[in-house]
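Okay, here's what each chain looks like letter by letter:
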Amino acid sequence: MELRGKKHVVVVIDMLNDFIGEKAALRCENGEKIVPVIKELVDFCHEENIQVVFVQEAHRKNDRDFRVRPVHAIKGTWGSEFIPELQPDESKGDYVVQKRRHSAFSYTDFDLFCREEEIDTVVLTGVWTNVCVRSTGSDALYHGYNVICLSDSTASKDDSMHESGLRDIDLFGDIMTTKEYMEAARKKFSNNSRVV
């Protein structure tokens, strides 16, 4: 598959202590399986000079989100920190976007950052496929970006939730595996054609 777009951002959504691991307040058990896949992808992006943005849910103590979901990822707490295996590296150009809503675009500077960097394609990874990943993908479309979702770098609590999110994203974006993406990106952005 040939990739759309001229400049990509790989978005790592909510790979935080309160979503990943046995002590997580809002544990996404299948999210633990995607950690090594995302780590390989992030390393690839650093080698290939593809922008990586880490999205961090960072709620206030009395956030309205807690009226419908358990308390989780409060700004400044352990639960809101990135898991040890997936830490942003500013020396390699990684950027962090903090959010209080499902979408990385909602009331954040993510769209401004992408426009400043002349990014036209958003590549989705992280948790939960049917909630924050899907919301970010929908908003990316609404803001005029191409959307790619990596099926084995995203996860939800169970397979049916994950598949539901992928089905929705497939209506407006491209679904592929991480390996397929890396192979296509290496081909597209190699040598003189690299613009990322």
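Residues numbered from 1 in each chain as written. Predicted model: local features only at pLDDT ≥ 70, side-chain atom pairs only at ≥ 80, totals over all residues. Heavy atoms only, no water.

**Considering unusual backbone geometry**
For the bond running from Val-127 to Trp-128, omega is -25°, close enough to zero to count as cis. Structurally, Trp-128 can be placed in the loop between β4 (121-127) and α3 (129-142). Within the chain, Asn-49 stands out as a residue other than glycine whose phi angle is a positive 60°. Of note, Asn-49 is situated in the loop between α1 (31-48) and β2 (51-57). For Ala-73, which is not glycine, the phi torsion reads 45° and is therefore positive. (Helix = DSSP H or I, 4+ residues; strand = E, 2+ residues; numbered from the N terminus.)

**Describing the packing of aromatic side chains**
In this description, an aromatic ring pair is defined by two values, namely the gap between the centres and the angle between the planes. With the rule as written, the count across this model stands at four aromatic pairs. When the ring of Tyr-95 is compared with that of Phe-113, the centres are 4.1 Å apart and the planes differ by 5°; the resulting orientation is stacked. In this pair, Tyr-95 sits in strand β3 (residues 95-99) while Phe-113 sits in helix α2 (residues 110-116), placing the two residues 18 residues apart along the sequence. Relative to Phe-110, the ring of Phe-105 lies with its centre 4.7 Å away and its plane at 55°, an arrangement referred to as tilted. When its relative accessible area of 0% is taken as the criterion, Phe-110 is described as buried. (Phe/Tyr/Trp six-rings, centres within 6.5 Å; stacked < 30°, edge-to-face > 60°. Buried < 20%, exposed > 50% of the residue type's maximum accessible area, 1.4 Å probe, protein only.)

**What about helix α4 (residues 159-170)?**
Here α4 contains 12 residues, and its C-alpha end-to-end distance of 16 Å stays within 8% of the 16 Å for a straight helix at 1.5 Å per residue. For α4, every residue scored as buried is listed here: His-162, Gly-165, Leu-166 and Ile-169. Along the axis of α4, the buried residues cluster in a sector spanning 100°; they form a single face. What points out from α4, more than 90 degrees from its buried face, is the exposed set Ser-160 and Arg-167. As for α4, its buried residues are in contact with β4, α3, β5 (146-155) and β6 (174-176). (Expected span 1.5 Å × (residues − 1). Arc of directions from axis to C-beta. Contact = heavy atoms within 4.5 Å.)

**Section: the packing of α3 against α4**
Across the interface, α3 lies against α4 with an axial gap of 8 Å and an inter-helix angle of 20°. By the criterion of interaxial angle, the relationship of α3 to α4 is roughly parallel. Classified by chirality, the crossing of α4 by α3 is right-handed. Taking contact as the criterion, the partners of Thr-129, Asn-130, Val-133 and Arg-134 in α3 are, on α4, Met-161, His-162, Ser-164, Gly-165, Leu-166, Asp-168 and Ile-169. Of the residues that constitute the contact of α3 with α4, the class distribution is four nonpolar, five polar and two charged. (Axes fitted to C-alpha atoms, helices over the stretch in contact; angles between N-to-C directions. Parallel < 35°, antiparallel > 145°, perpendicular 65-115°, else oblique. Left-handed = near helix turned anticlockwise from the far one by under 90°. Nonpolar A, V, L, I, M, F, W, Y, C, P; charged D, E, K, R; others polar.)

**Regarding the UniProt feature "domain: Isochorismatase-like" (unreviewed entry) in the protein**
Per the UniProt record, the feature "domain: Isochorismatase-like" (unreviewed entry) sits at residues 9-180. Across residues 9-180 one finds 31% helix and 22% strand; the C-alpha atoms that close the span lie 16 Å apart. (UniProt positions renumbered as here; feature names shortened; annotations may be inferred.)

**A few points about the nonpolar core**
Formed by 58 residues in total, the largest nonpolar core has its most connected members in Met-15, Phe-110, Val-127 and Tyr-181. With seven residues, α1 is the largest single contributor of residues to this core. Residues in contact with Met-15, not counting those within four places in the same chain, are Ile-20, Gly-31, Ile-34, Val-35, Ile-38, Phe-82, Ile-83, Leu-86, Gly-126 and Val-127. (Core = buried A, V, L, I, M, F, W, Y, C linked by side-chain atoms within 4.5 Å.)

**Brief notes about the pattern of salt bridges**
Enumeration over the complete set of coordinates arrives at 12 salt bridges. One salt bridge in this structure joins Arg-69 and Glu-57, with 3.5 Å as the shortest N-O distance. Separated by 12 residues along the polypeptide, Arg-69 in the loop between β2 and β3 and Glu-57 in strand β2 bring together distant segments of the chain. Pair check on accessibility: Arg-69 and Glu-57 agree, each one buried. Several salt bridges share partner residues, and in doing so they unite Asp-14, Glu-57, Asp-65, Arg-69 and Lys-99 into one network. (Salt bridge = Lys/Arg side-chain N within 4 Å of Asp/Glu carboxyl O.)

**Section: the pairing of β5**
Most of β5 is tucked away, with seven of its 10 residues classed as buried. Of the pairings in the sheet, the one linking β4 to β5 comprises six bridges and is parallel in character. Considered in β5, the bridge of Thr-121 is made with Asn-146. Handedness of the crossover is the feature at issue here: the chain leaves β4, passes through α3, returns alongside β5, and the resulting connection is right-handed. In this fold, the crossover linking β5 to β6 by way of α4 has right-handed handedness. (Pairing = 2+ DSSP bridges. Right-handed = clockwise from strand over helix to strand, strands pointing away.)

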